[in-house]
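# Architecture at a glance
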Amino acid sequence: MEGGEVYTLKKVRFRESQSCPICLQTRNGPCPLIAMFNILSLRGQLKLDPQKVSRGFLTSRDLLDIVGDFLMVRNRGIFESKDGVAANQRQILTDIMSNVLPKLQGGLDVNVKFGTLLSHFFPLIFLNILVHKEE
């Protein structure tokens, strides 16, 4: 199937609210992107296409698009501001969208030869900030 790996969606009840979809892994192993999707879905923070939910599965491309759209909407203020800090944040978000999110499909790269702790984990730390920032 075009769009990469296929993941089954399952509707679950969470905190006595309406059912919401979660994504299931197709094989054992780490997948932080699925975890991020599921957390955001359980929190009710994702806008999901009803047609994709009704078909019962998502592709890896769908997951990247959904989480990427969430990050863009969640951080739209950095695109409205023209100051230097916002420009830096836009660049970091762009890097995260193109370099970090795709790597989250297969787990985190644990490279024991990295130069500094900050340079290796900064994109993941910033991604965490972008997801958890206050509205």
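About the criteria used
Residues numbered from 1 in each chain as written. Predicted model: local features only at pLDDT ≥ 70, side-chain atom pairs only at ≥ 80, totals over all residues. Heavy atoms only, no water. Helix = DSSP H or I, 4+ residues; strand = E, 2+ residues; numbered from the N terminus. Buried < 20%, exposed > 50% of the residue type's maximum accessible area, 1.4 Å probe, protein only. Contact = heavy atoms within 4.5 Å. Areas by Shrake-Rupley, 256 points an atom, 1.4 Å probe, with all protein chains shown as cover. Axes fitted to C-alpha atoms, helices over the stretch in contact; angles between N-to-C directions. Parallel < 35°, antiparallel > 145°, perpendicular 65-115°, else oblique. Left-handed = near helix turned anticlockwise from the far one by under 90°. Nonpolar A, V, L, I, M, F, W, Y, C, P; charged D, E, K, R; others polar. pLDDT = per-residue confidence, 0-100. Core = buried A, V, L, I, M, F, W, Y, C linked by side-chain atoms within 4.5 Å. Pairing = 2+ DSSP bridges. Phe/Tyr/Trp six-rings, centres within 6.5 Å; stacked < 30°, edge-to-face > 60°. Lys NZ or Arg CZ within 6 Å of the ring centre and 35° of its normal. 1 Å grid on protein atoms, 1.4 Å probe; cavity = no way out; pocket = protein on both sides within 12 Å on 5 of 7 lines; lining within 4 Å. Points joined across faces, edges and corners; volume = space filled by probe spheres on them. Disulfide = S-S within 2.5 Å.

A word on the overall build of the protein. Within the protein one finds 6 helices and 3 strands. If you list the helices and strands of the protein from N to C, you get β-β-α-α-β-α-α-α-α. Scored against the burial criterion, the 135 residues of the protein give a buried share of 32%. Taking the contacts inside the protein whose residues are at least 6 apart along the sequence as the reference set, 58% of them involve residues at least 24 apart. Split by element, the accessible area of the protein, about 8800 Å² in all, is 55% carbon and sulfur.

Moving on: the packing of helix H1 (residues 32-42) against helix H3 (residues 60-74). One can describe the packing of H1 onto H3 by two numbers: an axis separation of 10 Å at closest approach and a directional angle of 55 degrees. Overall, the two elements H1 and H3 adopt an arrangement that is oblique. The element H1 and its partner H3 pack so that their crossing is left-handed. On the side of H1, the interface is formed by Leu33, Ile34, Met36, Phe37 and Leu40, while H3 contributes Leu63, Leu64, Ile66, Val67 and Phe70. Taken together, the residues of the contact of H1 with H3 sort by class into 10 nonpolar, no polar and no charged.

Our focus in this paragraph is the confidence of the model for the protein. With 73% of its residues at a pLDDT of at least 70, the protein reaches an overall mean of 78. Ranking the helices and strands of the protein by mean pLDDT puts strand S3 (residues 57-59) first, with 92, and helix H6 (residues 117-132) last, with 57.

One recurring pattern in soluble globular proteins is that nonpolar side chains are buried together. Formed by 25 residues in total, the largest nonpolar core has its most connected members in Cys23, Leu33, Phe37, Leu63, Val67 and Leu101. Where this core is concerned, the elements lending two or more residues are strand S1 (6-13), H1, H3 and helix H5 (84-103). Every residue in contact with Leu63, bar those within four places of it in the chain, is listed here: Tyr7, Cys23, Leu33, Ile34, Phe37 and Leu58.

Attention shifts here to the pairing of S1. Across 3 bridges, S1 lies against S3 in antiparallel orientation. In the sheet register, Val6 faces S3, and the bridge partner there is Thr59. Relative to strand S2 (residues 19-23), S1 runs antiparallel, the two sharing 5 bridges. Along S2, the bridge assignment pairs Lys10 with Ile22.

The description of an aromatic ring pair uses the distance of the two centres, along with the angle that the planes make with each other. In this structure the tally under the stated criterion is 0 aromatic pairs. When the ring centre of Phe57 is taken as reference, the NZ or CZ atom of Arg55 above it lies at 4.3 Å.

Under the defined criterion, the tally for this structure stands at 1 cavity of 30 Å³ or more. Approximately 40 Å³ is the volume attributed to the largest cavity. In the lining of the largest cavity, the residues fall into 6 nonpolar, no polar and 2 charged.

As a further point, take the state of the cysteines. Under the criterion given, the structure shown has 0 disulfides. Counting only cysteine sulfurs, Cys31 is the nearest neighbor of Cys23, a cysteine outside any disulfide, at a range of 7.5 Å. For Cys23, a relative accessible area of 3% translates into the label buried. Taking relative accessible area as the criterion, Cys31 reaches 11% and is therefore assigned buried.

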